[in-house]
Amino acid sequence: MIHSILFFAMAFRLIVPAFPDGATIPALHTCDGADLSPAIEWREAPAEAKSFALIVDDPDAPGGVWNHWLLYNIPASVHSLAQGWKPGADGVSAINDFGQRGYNGPCPPKGHGTHRYYFKLYAIDVPEIQVAKGSKRAQLDQAIHGHVFAQARYMGRYERK
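Please read all numbers here as calculations on a predicted model, not as lab measurements.

A. Representation of the sheet that holds strand E5 (residues 80-81). A sheet is described by the order of its strands in space; here 3 strands give the open sequence E1-E2-E5, paired in antiparallel fashion. Two strands lie at the open edges of the sheet, namely strand E1 (13-15) and E5, each paired on one side alone. Relative to strand E2 (residues 40-43), E1 runs antiparallel, the two being bridged by 3 bridges. Bridge assignment links Leu-14 to a residue of E2, and that residue is Trp-42.

B. The arrangement of the state of the cysteines in detail. Scanning all chains against the criterion turns up 1 disulfide. A disulfide bridge connects Cys-31 with Cys-107, and the sulfur atoms are separated by 2.2 Å. Linking Cys-31 and Cys-107, the disulfide has an S-S dihedral of approximately 85° and is accordingly described as right-handed. Of the two residues, Cys-31 sits in the loop between E1 and E2 while Cys-107 sits in the loop between strand E6 (92-93) and strand E7 (115-124), which places them 76 residues apart along the sequence. Among the residues examined, Cys-31 registers a relative accessible area of 28% and is labelled partly exposed. Residue class for Cys-107 comes out partly exposed when judged on its relative accessible area of 30%.

C. Structural view of the pairing of strand E4 (residues 66-75). Within E4, 8 of the 10 residues are buried, leaving the element largely enclosed by the surrounding structure. Bridge count for strand E3 (residues 51-58) against E4 is 7 bridges, and the pairing is antiparallel. Residue Asp-57 lies in a different strand from E4, and its bridge partner there is Asn-67.

D. Spotlight on the nonpolar core. The biggest cluster of nonpolar side chains holds 26 residues, and the ones touching the most others in it are Trp-42, Leu-54, Trp-69 and Phe-119. Residue contacts for Phe-119: discarding those within four places in its chain leaves Leu-14, Val-16, Phe-19, Ile-25, Pro-38, Ile-40, Ile-55, Val-56, Ala-152, Arg-153 and Tyr-154. Ala-53, Ala-94, Tyr-122 and Ile-124 belong to the second largest nonpolar core, which has 12 residues in total.

E. A look at the pattern of salt bridges. Evaluated as defined, the whole model comprises 7 salt bridges. For Arg-43, the salt bridge identified is with Glu-41, shortest N-O distance 2.9 Å. Note that Arg-137 and Asp-141 form a salt bridge whose closest N and O atoms lie 3.0 Å from each other. You can see Arg-137 and its partner Asp-141 sitting in helix H1 (residues 137-144), 4 residues apart, about one turn around the helix. One connected set of salt bridges, linked through shared partners, spans Asp-57, Lys-120, Arg-137 and Asp-141.

Cut-offs applied
- Residues numbered from 1 in each chain as written.
- Predicted model: local features only at pLDDT ≥ 70, side-chain atom pairs only at ≥ 80, totals over all residues.
- Heavy atoms only, no water.
- Pairing = 2+ DSSP bridges.
- Helix = DSSP H or I, 4+ residues; strand = E, 2+ residues; numbered from the N terminus.
- Disulfide = S-S within 2.5 Å.
- Buried < 20%, exposed > 50% of the residue type's maximum accessible area, 1.4 Å probe, protein only.
- Core = buried A, V, L, I, M, F, W, Y, C linked by side-chain atoms within 4.5 Å.
- Contact = heavy atoms within 4.5 Å.
- Salt bridge = Lys/Arg side-chain N within 4 Å of Asp/Glu carboxyl O.

Structure below.
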């Protein structure tokens, strides 16, 4: 008799408890509400992760991809970010496309239709990536290039009428 053993790899997952993946982002987390970052959790992160980086962007913005949150050097021991995260908490914030550190929520132009907002968490193979203070997305992308070995993604939608 032949016995077979099946191994199932756990999938690196990102969870935003405020809304289901692919659903509408509550106004609380947008410019029409309190503009608070939603709580974020991740599970089954690769054991090799030395740190994490988070990018939240809108590929449907009129001028191209718009960056809402750029956070890096999140310690490997951290597996969640609280609602209303502020700069100075876990991780280091780069400058988003609003010219701010930290989170600025969905705020598409009125009448522009529904936009998609991607929350992307990257598992990084080093404890710290080197990014100059005041850097933006391009510098963050360059710094993590070659250090990402896993990614988890979650998407929400928002439209201003």
